[in-house]
Amino acid sequence: MSRRALVPLLAGALLAALALGLFTGPGGLPDELLLRLRLLRVAQGLAAGILLAVAGCAFQAVLQNVLAEPYVLGVSSGAALGAALSIAFGLSPFSWGIPGCAAAGAAGSFLLVLAVSRGMGGAALILAGVVVGSVLSSGLLLVLSVSSAEGLRNITWWMLGNLDVFSTRPLILLWACVVVVLGGLWLSSRELDALSLGEERAAGVGVDVRTARLSILALGTLAAAATVSAAGIIPFVGLFVPHMVRRLSGSRHARLIPAAAVAGGAFLVVADSLARLVLSPRQVPVGVVTALVGGPLFLILLRGRTRLWR
Amino acid sequence: MEVTLRASELRLGYGAREVLRGLSFELGRGELLAVAGPNGSGKSTLLRGLLRLLPLQGGSVELLGRPLASYGRRQLAMAVGWVPQGELPQVGFTVRQLVEVGRYSRSGLALGRRDEQAVEEALRLADLAELAARPLGELSGGERQRAAIALALAQEPEVLLLDEPTSHLDLRHEEEVACVLRRLCRAGRSGVLVTHDLNLASRLCDRILLLKDGRAFDCGPPGEVLSEAAVLAVYGVAARMWRHPETGKPLVLPGSHPVV
C-alpha cells in the first residue's frame, strides 16, 4: 500500500467507525436518547483510543523499545490498585471516587518508577516499571482476596475495560487530556525522531535529553492514567496501532502521531461496537475485544517482521 | 594553524573514578586527529567530555575560542557533530529523513530552504545523494555508517567527533568511510577519530594522540609517534613496524616474530 493512500484510508476508517458506533446496537429506547448515549460512548472511545495510540508511539520512541506500550511504566497496575481499593471500600462506581483513586494510583506508580530509576537509562526505566507493576499487582490480588463477592465482580469488570459513560464531566476531562497529550506530543515530534535514534545520538544533535524524555514520558503516562481512570485497562491499542500505522505513515513522528491518533480512535470505536454487538444484548468488555482482535492482527504484522520498522 | 579545539589539563571520570588525568592537546582547522590507546585509557570518555555528556572534573576546554562550559546543548550541536560507537538503530527512516534529524539544533518546527540545502550538502559529502530515498534497513553497513556521518554533517559543525566509526566494517566499507573523512578535512572541517586501528590512524590522520592511563603518552604525526617501543610501552605488546613502500607511513603488526 502506498503512503499516498494514508489520508483517505484513515478518513474512511474513521467514518466507518463512527457510523458503526452511532447507528448499530440494540434498541429499545427512544431514538434521540439512544443517539445521545451512543454519541457519548463513541466520544469516550475516540478519546481513549487516541490517547492510548499516541502514548504508545511516544513510549516506543523514547524507550527505544518496540514492545513499549502506555502501561509499560506500571501505570495500569497502579490505577487498578487504586480503583480496587476504592471499590473495596465502597465508593460508588457512579461517582468520581473510582476514576479519582485510579488516577491517583497511576500517578503514584509513575512517580515511584521515576524515583527508583533516577539517573539510569531507558532499560532501567522499563525494568523498574515491570517490577513496580508486579508489586502493585500483588497488592491488587491482596485486595481481591479480601473483597466481597460483589466487590470482586465490580473490580474484575472495571479491570476488563469498558466505555460506559455515566456523566459528561469526566468525558470533558478526558478530551482535555486528548488536547494536551496530542498537542504536546505533536510539538515534540522532532525530539521523538531524535530520541528514537538513542539518547546519545539525540544529545549529539542538540536535544536536551533529560527534559525531553521526562516531559514526553509524563505526557504518555498522563494519557495512560486518564484512559485507565475513565475506562479501565484496554490492552493492545497502544502496542498494535503504532506498529500498524508506522508501516503506512513512516516513522517520522510529525506524521505518525496524528495518523496513530486517528487510527487508534477508530480502532477502539470499532472494538467497542463489536463489544456491544457480538453477544447482544449482553456486553463484552471492550478490553477483551481489543486483545482478541489486536493480538492476532499483531501476530500477522509480526510475520512480516522485517518490515515492522521500515 | 587556526586552533578549533584546545584542551588543557583535562580531567574526566565517573564519580570518584578518574579516567583522564590531565590531558592537553589542540586540534587545528582541517586537521584529522586520531586518538588511540588501550581499552580503558579514556578515549571514549574524552569524547563524552567534549560533548558535555560528562562534567569536567578539572582543566578546561576551549571550542572555537569560547569555553566549552558556555555552550548550551543546541549551540554545542551547531559546533560539534558526533558519530557515536555502534550501529544506527533500526528505525524506519529513509536516509534523507535521518539526515534531516541533524537539523534539529538549527531549524524551527518545520525545515526551511536553508535546512534543505544543508541536508543536500551533507548527503553529497557523505556520497549518499543517490541513496537519499532508500530506507535505512536496505543499506549496507558502510552506507549506514556514512548515513550516521551525514546526520552529524547536517548540523554544519566545525568539529566532528567519531568513535570507532569503522570497527564493524569490512575493508571496502572502511575505505568508503575513510574517503568521506578525507574529503571533509579538505573542506576545512576538523575531526577527532577514536580508533583501535593504528594502521587506519597512520594512513588517514594528520596526527595521532596516543593515550596511556588517562594521560597523553605521545602526540604527533604518525611517523613520529608510532614505533615498536611506543606500542610496547602503551599496549604491552611486542610489535613489528614497517614503512609503507609508497607513502612512507608506518604500519604496525603485533607479534615479535615475522607473520607468514
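It should be emphasised that the depicted structure is a prediction, and the values quoted were computed from it without experimental measurement. (Residues numbered from 1 in each chain as written. Chains lettered and ligands numbered in written order. Predicted model: local features only at pLDDT ≥ 70, side-chain atom pairs only at ≥ 80, totals over all residues. Heavy atoms only, no water.)

**Section: the state of the cysteines**
Working step 1: According to the stated counting rule, one finds zero disulfides over all chains in the structure shown.
Working step 2: Not engaged in a disulfide, the cysteine Cys57 of chain A finds its nearest cysteine sulfur in Cys177 of chain A; these two sulfurs lie 18 Å apart.
Working step 3: Summary of cysteine pairing: Cys179 of chain B is not part of a disulfide, and the nearest cysteine sulfur, belonging to Cys185 of chain B, is at 12 Å. (Disulfide = S-S within 2.5 Å.)

**Quick look at the packing of aromatic side chains**
By convention here, two paired aromatic rings are described through the distance between centres and the angle between planes.
Working step 1: Within the structure shown, the criterion is met by one aromatic pair over all chains.
Working step 2: Between the aromatic rings of Phe240 of chain A and Phe267 of chain A, the centroid separation amounts to 5.4 Å while the plane-to-plane angle is 50°, which identifies the pairing as tilted. On the criterion of sequence distance, the pair formed by Phe240 of chain A in helix α11 (residues 237-249) and Phe267 of chain A in helix α12 (residues 253-277) is long-range, its members being 27 residues apart. As far as burial versus exposure is concerned, Phe240 of chain A and Phe267 of chain A are alike and both buried.
Working step 3: Here the basic side chain of Arg66 of chain B rests over the ring of Tyr71 of chain B, its NZ or CZ set 4.2 Å away from the ring centre.
Working step 4: Sitting over the face of the ring of Tyr104 of chain B, Arg74 of chain B holds its NZ or CZ atom 4.4 Å from the ring centroid. (Phe/Tyr/Trp six-rings, centres within 6.5 Å; stacked < 30°, edge-to-face > 60°. Helix = DSSP H or I, 4+ residues; strand = E, 2+ residues; numbered from the N terminus. Buried < 20%, exposed > 50% of the residue type's maximum accessible area, 1.4 Å probe, protein only. Lys NZ or Arg CZ within 6 Å of the ring centre and 35° of its normal.)

**Some thoughts on the interface of chain A and chain B**
Working step 1: On the chain B side, the residues contacting the 21 residues of chain A number 34 residues.
Working step 2: Taking both sides of the interface into account, the surface hidden between chain A and chain B amounts to around 2,400 Å²; carbon and sulfur atoms contribute 59%.
Working step 3: When the buried area of chain A at its contact with chain B is split by residue, Arg190, Arg201 and Val205 of chain A rank highest and sum to 32% of it.
Working step 4: Linking chain A with chain B are two salt bridges, by the criterion used here.
Working step 5: For the salt bridge of Glu100 of chain B with Arg252 of chain A, the shortest nitrogen-to-oxygen distance reads 2.3 Å.
Working step 6: Our count for the chain A to chain B interface comes out at seven residue pairs in polar contact (both at pLDDT 80 or more).
Working step 7: At the level of secondary structure, the elements contributing two or more residues to the side of chain A that touches chain B comprise α7 (168-187), α8 (189-195) and α9 (199-204) of chain A. (Contact = heavy atoms within 4.5 Å. Buried area = accessible area lost by both parts, 1.4 Å probe. Salt bridge = Lys/Arg side-chain N within 4 Å of Asp/Glu carboxyl O. Polar contact = N/O pair within 3.5 Å; in protein donor to acceptor, adjacent residues only side chain to side chain.)

**What about the sheet that holds strand β4 (residues 58-63) of chain B?**
Residues and elements named next belong to chain B.
Working step 1: An order of β2-β1-β4-β5 is seen for the four strands of this open sheet, with the pairing classed as antiparallel. Both outer strands of the open sheet, β2 (17-28) and β5 (66-67), are each paired with one neighbouring strand and no more.
Working step 2: Sheet topology places strand β1 (residues 3-14) next to β2; nine bridges connect them, and they run antiparallel. Bridging across to β2, Leu12 finds its partner in Leu20.
Working step 3: Along the sheet, helix α1 (residues 43-50) makes contact with β1, β2 and β4, crossing β1 at roughly 115°. (Pairing = 2+ DSSP bridges. Axes fitted to C-alpha atoms, helices over the stretch in contact; angles between N-to-C directions.)

**Remarks on the pattern of salt bridges**
Working step 1: Going through the model one piece at a time under the given rule, you end up with 23 salt bridges over all chains.
Working step 2: The salt bridge involving Arg213 of chain A is made with Glu199 of chain A; its shortest N-O contact spans 2.7 Å. Taken as a pair, Arg213 of chain A in helix α10 (residues 209-231) and Glu199 of chain A in helix α9 lie far apart in primary sequence, 14 residues in all.
Working step 3: The exposure class of Arg213 of chain A is buried, given its relative accessible area of 15%.
Working step 4: Residue Glu199 of chain A is classed as partly exposed on the basis of its relative accessible area, which comes to 28%.
Working step 5: In the salt-bridge network here, residues are joined through shared partners; they are Arg103, Arg106, Arg114, Asp115 and Glu156 of chain B.

**A word on the sheet that holds strand β10 (residues 215-220) of chain B**
All names here are of chain B.
Working step 1: An order of β6-β7-β8-β3-β9-β10 is seen for the six strands of this open sheet, with the pairing classed as mixed. Looking at strand neighbours, the two that pair on one side only are β6 (80-83) and β10, the edges of this open sheet. Sheet twist, expressed as the mean angle between neighbouring strand axes with direction ignored, is 15°.
Working step 2: In this sheet, strand β9 (residues 207-212) lies alongside strand β3 (residues 32-36) in parallel orientation, the contact comprising four bridges. In the strand pairing of β9, Ala36 is matched with Leu210.
Working step 3: Along the sheet, α1 makes contact with β3, β6, β7 (159-163), β8 (190-194) and β9, crossing β7 at roughly 145°.
Working step 4: Helix-sheet contacts for helix α9 (residues 228-235) involve β3, β9 and β10, and the interaxial angle to β9 is about 35°.

**Points about the side chain of His243 of chain A**
Working step 1: As for its position among the elements, His243 of chain A is in helix α11.
Working step 2: A polar atom in the side chain of His243 of chain A sits 2.7 Å from the backbone oxygen of Val66 of chain A.

**Thoughts on the pairing of β8 of chain B**
Residue and element names in this part refer to chain B.
Working step 1: Burial runs high along β8: five of the five residues are buried.
Working step 2: What you see with β8 is no split at all: Ser190, Val192 and Val194 on one side and Gly191 and Leu193 on the other are buried throughout.
Working step 3: Taken together, the four bridges between β3 and β8 define a ladder with parallel strand orientation. Bridging across to β8, Leu32 finds its partner in Gly191.

**Here's the deal with the environment of Val194 of chain B**
All names here are of chain B.
Working step 1: With respect to the helices, strands and loops of the structure, Val194 is situated in strand β8.
Working step 2: When the C-alpha atoms of Val194 and Thr166 are compared, they prove to be 10.0 Å apart, with 28 residues separating the residues in sequence.
Working step 3: Non-local contacts of Val194, meaning those with residues more than four positions away in its chain, are made with Val35, Lys43, Leu47, Leu162, Asp163, Glu164 and Pro165.

**Structural notes on α9 of chain B**
Residues and elements named next belong to chain B.
Working step 1: Among the residues making up α9, those that are buried are Ala230, Val231 and Val234. Projected down its long axis, α9 shows its buried positions confined to an angular sector of 95°, all on one face.
Working step 2: The secondary structure elements touched by the buried residues of α9 are α7 (198-204), β9, β10, α8 (222-225), β11 (239-243) and β12 (250-254).
Working step 3: Within two residues after α9, Gly236 carries a phi angle of roughly 70°, on the positive side. (Arc of directions from axis to C-beta.)

**Looking at the packing of helix α4 (residues 97-116) of chain A against helix α5 (residues 122-145) of chain A**
All names here are of chain A.
Working step 1: Two numbers describe how α4 lies on α5: the axes approach to 9 Å, and their chain directions differ by 135°. Between α4 and α5, the crossing angle belongs to the class labelled oblique. For α4 against α5, the interelement crossing comes out right-handed. Contacts between α4 and α5 pair Ser109, Leu112, Val113, Leu114 and Val116 from the former with Leu125, Ala128, Gly129, Val132 and Leu136 from the latter.
Working step 2: For the contact of α4 with α5, the per-class residue count stands at eight nonpolar, two polar and no charged. (Parallel < 35°, antiparallel > 145°, perpendicular 65-115°, else oblique. Left-handed = near helix turned anticlockwise from the far one by under 90°. Nonpolar A, V, L, I, M, F, W, Y, C, P; charged D, E, K, R; others polar.)

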